[in-house]
Each structure stands twice: as structure tokens, then as C-alpha cells.
Amino acid sequence: MTSNTMWGGRFAAGPSAIMEEINASIGFDRKLAGQDIAGSKAHARMLADRGIISADDAAAILGGLDRVAQEIASGAFTFKAALEDIHMNVEARLSDVIGPAAGRLHTARSRNDQVATDVKLWVRDALDRLDDGLEALQAALIDQAEAGSDMVMPGFTHLQSAQPVTFGHHLMAYVEMVGRDRGRVADARRRLNECPLGAAALAGTSFPIDRDATAAALGFDRPTANSLDSVADRDFALEYLAAVSICSVHLSRLAEELVVWTSQPFGFVRLSDAFSTGSSIMPQKRNPDAAELVRAKTGRIVGHLIGLLTVMKGLPLTYQKDMQEDKEPLFDADASIGLAVAAMTGMIADLTPRPERMRAVASSGYATATDLADWLVRVVGLPFREAHHVTGRVVALAESKGADLDRLALADLQSVDDRITADVYSVLSVDASVASRTSYGGTAPVRVREAIAAARERYLR
């Protein structure tokens, strides 16, 4: 019986069918083909530069890897589960193409540092894709905010009408959230950008390799500092999933706003047919399915974070096969967040605000009550707690009369507190309310337009 070609002479027989199935990762880690070949090319060049392999062998390896890459790109490559993973599939095909010289490629490295390098390269690319997508979402939000910088809408706490704000101000809140998401993306990218290649199985290597050269060739800032840590940790994958999870929560909140805003009781915005679906039985329906699916992706993405945290929580140093389970969550989270960001960007760019409806709702619910209380403090000189009490009595009176605050007669207002003067009407309309909120970061249109200009400068390249 021949020995196993992957595991060498230690094992006389190949794996059972069950073992082969549970052990193989080629069904999903084939996504790492580009990164794996890039890492191998950098490694081969370094080995030749250091005199560890000959220049002729390096040239053959590099040419063979180019051919393998072309075969994968064209779909001509045959992936084999018996070869376990992308690394062995590439190396086996390289051997077919160039012969024994392919065996020299694995000098001074292990699949442990190889896979850590590949996954880091993949996550780095995923972070760059996400940042590009989030910038496009910010641009769509900023454009809509600029168009709606004067549109009055109700601001809510507890989903109850609280104070009037502007539609532009509301959308700019999400610009800031997405800005912090991009900050987490940048931080995660910076921390992961150290190269594990050269850590070998766990202890480094006795060959005179140049880890700085391979790190630079692959666009890393530096090599990783500890060989055990290099192959044993996946905190860069966890940090990616954490950043994506927080981002997906922000997208879910905005998606929920769209679901609520497009409902008939609210009617604040309208989505076009491009992002709406119908009902199989109710012909009048316009369902915001895209927003609902963005909202649903959050559970899936957060689940991947929890799953990988659970995989990693009990692993001693160094590499354990459990860590093979890091890839599917990463790949699915990337696909899910990419689709969610693209869908949200499309919906925001596509939506049509309905300012008359937003204004009507903002004018109801006594949303300028706080403005009355502030006026009592500022003009009459009442302590805020007393002003709050007086305002509460005015709201109760308005409710009993079925009138908005700015529709109450002065005599009615003075029946609650005779120090109220006609000047109070200058603060009781929703337009006066939003215009008065001129503190930095406030909802006054002048401040919103300043925030929009600053955001364009800060976030958009």
C-alpha cells in the first residue's frame, strides 16, 4: 500500500471517505486562489534572492504559477477534494506543469503560515471593497441630505414625536455612523497589515529567509513579530467580522426607517419600482423588500461573528484544525455586507421624499413644546423645571381643545401663566423651532448645510 502523498511516509493509508469530507476545505477556500498564488510568487522570489533555491527553479515556479492562475481564472482548473485545500491543489497542479522543481516552493514555509497569509490578504481586499462601498453610500446620503436640508420632519424618541428636525439632518446622522464604520475598517486594515509568511509551522525556520522582503512584496507594513502568534491567532478575522457586524446594525436601523417611512401611516418617502415588490394577492401593495432583506442580513452577519468567537475561544497555541472554520463565515459576511451596502446605496439614491407629509406629522404631537419651555426660561426667567411644568399644562390645554400649540389663543396661553406674551408665537411653529437649533451639530438648516459641506470634504475622495 502506498503512503499518502500529502502527509508523507508517516501514514500508510489514505483517509477514509468521512475523514476526507470533514477535513477538506477546497469547496470554499478556492476563493483564496489569487491570494495563495500571490503569496507563493513572493516566497519563490525571496528564496531565489537568498540563494535557497536556484534562479532557474524560481523562474520555472513563477511561470508555472502564472499558468495555474490562468487556468483558475478561465475555469479550466480542476479542484480536487482529495487534495484538501487550495494550497495543495495549486502545488499539485504546479508539479504537473513544471515537474520536480515545484517541490522546492514549500521550502521554509508551512501551510500554517501560508493560510494565515492568504486569509490576511483576502480580508485586506474585503476591507478595501467595503470602504469603497461605504463611501458610495455616504455620497448618496449626503446628496439626499442636501436636497432635504430645509425639509421639516418629526424627530422621534421612543418612536413618539419629540422635536422637529430636518430630513437632511436625519440623514446626516447616518453619514456619521457610516463614517465611524469606515474608521473601524481603516483600523482593522492597519492592525492586520503584518505578514505571517516565514513563521513556518509555528517556530520559524532555520533557512536564511528575508521576511521583510516577502512582507514588502505583498504590500504588508512589516512581518509579524512572533512565529507562534503568526499562525495561531485570527483576531484580524474577528475584527473584520466585528466591524462588519456593527456596520450591518447601522444598515439595519436605516432599513427599518425606510420600512416605517414608506408605510401608509407615515408616508414620508416613496421608493421606486426598482426597490419595491408587489403582492401575489393584494394588487395595491408596494413592499419595501430590499430594505427588509438588508435588515435581515444583520442576523446572519452577527451570527458569523459569534460563531468564530466561539471557535477560537478555547484553542491553545498554536494552529488547530478548528481554525479551518474561519473562512466560510468571512466569505459569507463579505457577500452579505457587500450586497446590503449596495442595496442601501441604491435605495437612498432612489427614494423620493414627501415633504408635505413630513411637515404635517411634524406639526402634530406638540413637537414644539420644548421650544415653549425654552422660551419661558429665556424670556420669562423661569427655572427650567418650572417651565417644564407650565408647558405640560399648556399641552394638556391644547389637547383638550384639539389644537396645535401655535393655534392656541394668547388668552388660552395666559390662562396657564399670565407672563406669557405674544412673542411666544415666534418659537411655536416647526420652522421657527428647527431654525433656532443653531448649536454645533444641531438641526437648523444653516448648520445642516455646513455639516454637509464638511462631510463632503472629510469623507468623499
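Scroll up for the structure.
Cut-offs used in this document
- Residues numbered from 1 in each chain as written.
- Predicted model: local features only at pLDDT ≥ 70, side-chain atom pairs only at ≥ 80, totals over all residues.
- Heavy atoms only, no water.
- Helix = DSSP H or I, 4+ residues; strand = E, 2+ residues; numbered from the N terminus.
- Rg over C-alpha atoms; globule rule 2.2 N^0.38 Å.
- Buried < 20%, exposed > 50% of the residue type's maximum accessible area, 1.4 Å probe, protein only.
- Contact = heavy atoms within 4.5 Å.
- Areas by Shrake-Rupley, 256 points an atom, 1.4 Å probe, with all protein chains shown as cover.
- Lys, Arg positive; Asp, Glu negative; His and termini not counted.
- Charge placed at Lys NZ, Arg CZ, Asp CG, Glu CD.
- 1 Å grid on protein atoms, 1.4 Å probe; cavity = no way out; pocket = protein on both sides within 12 Å on 5 of 7 lines; lining within 4 Å.
- Points joined across faces, edges and corners; volume = space filled by probe spheres on them.
- Nonpolar A, V, L, I, M, F, W, Y, C, P; charged D, E, K, R; others polar.
- Phe/Tyr/Trp six-rings, centres within 6.5 Å; stacked < 30°, edge-to-face > 60°.
- Lys NZ or Arg CZ within 6 Å of the ring centre and 35° of its normal.
- Axes fitted to C-alpha atoms, helices over the stretch in contact; angles between N-to-C directions.
- Parallel < 35°, antiparallel > 145°, perpendicular 65-115°, else oblique.
- Left-handed = near helix turned anticlockwise from the far one by under 90°.
- Patch = residues over 30% accessible without salt bridge, like charges linked within 9 Å, V, L, I, M, F, W, Y side chains within 5 Å.
- Salt bridge = Lys/Arg side-chain N within 4 Å of Asp/Glu carboxyl O.

1. A closer look at the overall build of the chain
Now for step 1: When helices and strands are counted, the chain shows 19 helices and six strands.
Now for step 2: Its C-alpha atoms give the chain a radius of gyration of 31 Å, more than 25% over the compact-globule value 23 Å for 461 residues.
Now for step 3: Of all 461 residues assigned to the chain, the portion counted as buried reaches 48%.
Now for step 4: Sequence separation of 24 or more characterises 73% of the internal contacts of the chain that already satisfy a separation of 6 or more.
Now for step 5: As displayed, the chain has an accessible area near 21,400 Å², and 53% of this comes from carbon and sulfur atoms.
Now for step 6: One finds the centroid of the 49 positive side-chain charges in the chain at a distance of 1 Å from the centroid of its 60 negative side-chain charges.

2. Notes on empty space enclosed by the protein
Now for step 1: Going through the model one piece at a time under the given rule, you end up with one cavity of 30 Å³ or more.
Now for step 2: In this model, the largest cavity occupies a volume close to 30 Å³.
Now for step 3: Around the largest cavity, the lining residues are Asp36, Ser40, Leu65, His87, Val90, Glu91, Leu94, Leu105, Arg109 and Gln114.
Now for step 4: Considering every element that reaches the lining of the largest cavity, the biggest residue donor is helix 5 (residues 86-98), with four residues.
Now for step 5: Considering only residue class, the lining of the largest cavity consists of four nonpolar, three polar and three charged.

3. Some words on the packing of aromatic side chains
Now for step 1: All chains considered together, the criterion is met by six aromatic pairs.
Now for step 2: Plain terms: the ring middles of tryptophan 122 and phenylalanine 331 are 4.9 Å apart, the flat faces sit at 70° to each other, and that makes the pair edge-to-face. Of this pair, tryptophan 122 sits in helix 6 (residues 111-147) while phenylalanine 331 sits in helix 12 (residues 327-350); the two residues are 209 residues apart in sequence, bridging distant segments of the chain. Accessibility classification places tryptophan 122 together with phenylalanine 331 in one group, the buried group.
Now for step 3: Over the ring of phenylalanine 331 we find lysine 31, and its NZ or CZ is 5.9 Å from the ring centre.
Now for step 4: Positioned above the aromatic ring of tryptophan 122 is the side chain of arginine 129, whose terminal nitrogen or guanidinium carbon lies 5.6 Å from the ring centre.

4. Some words on the packing of helix 7 (residues 167-192) against helix 19 (residues 445-459)
Now for step 1: For the pair helix 7 and helix 19, interaxial distance at closest approach is 11 Å and the crossing angle is 25°. Classified by the angle between their axes, helix 7 and helix 19 sit roughly parallel to one another. Handedness of the crossing formed by helix 7 with helix 19: left-handed. Together, Gly168, His169, Met172, Val175, Glu176, Gly179 and Arg182 of helix 7 and Val448, Ala451, Ile452, Ala455, Arg458 and Tyr459 of helix 19 make up the contact between the two elements.
Now for step 2: The residue makeup of the contact of helix 7 with helix 19, split by class, is seven nonpolar, three polar and three charged.

5. Points about the packing of helix 3 (residues 33-49) against helix 4 (residues 55-74)
Now for step 1: It is the contact of helix 3 with helix 4, at a shortest axis distance of 9 Å, that shows an interaxial angle of 175°. Comparing their axes, helix 4 and helix 3 come out roughly antiparallel. Along the contact surface, helix 3 presents Ala33, Ile37, Ser40, Lys41, Ala44, Arg45 and Ala48, while helix 4 presents Ala58, Ile61, Leu62, Leu65, Asp66, Val68, Ala69 and Ile72.
Now for step 2: Of the residues assigned to the contact of helix 3 with helix 4, the class counts are eleven nonpolar, one polar and three charged.

6. Brief notes about a nonpolar patch on the surface
Now for step 1: Taken together, the side chains of Leu202, Leu228 and Leu317 make up a nonpolar region of the molecular surface, amounting to roughly 270 Å² of accessible area.
Now for step 2: Take leucine 228: it is sitting in helix 9 (residues 227-232).

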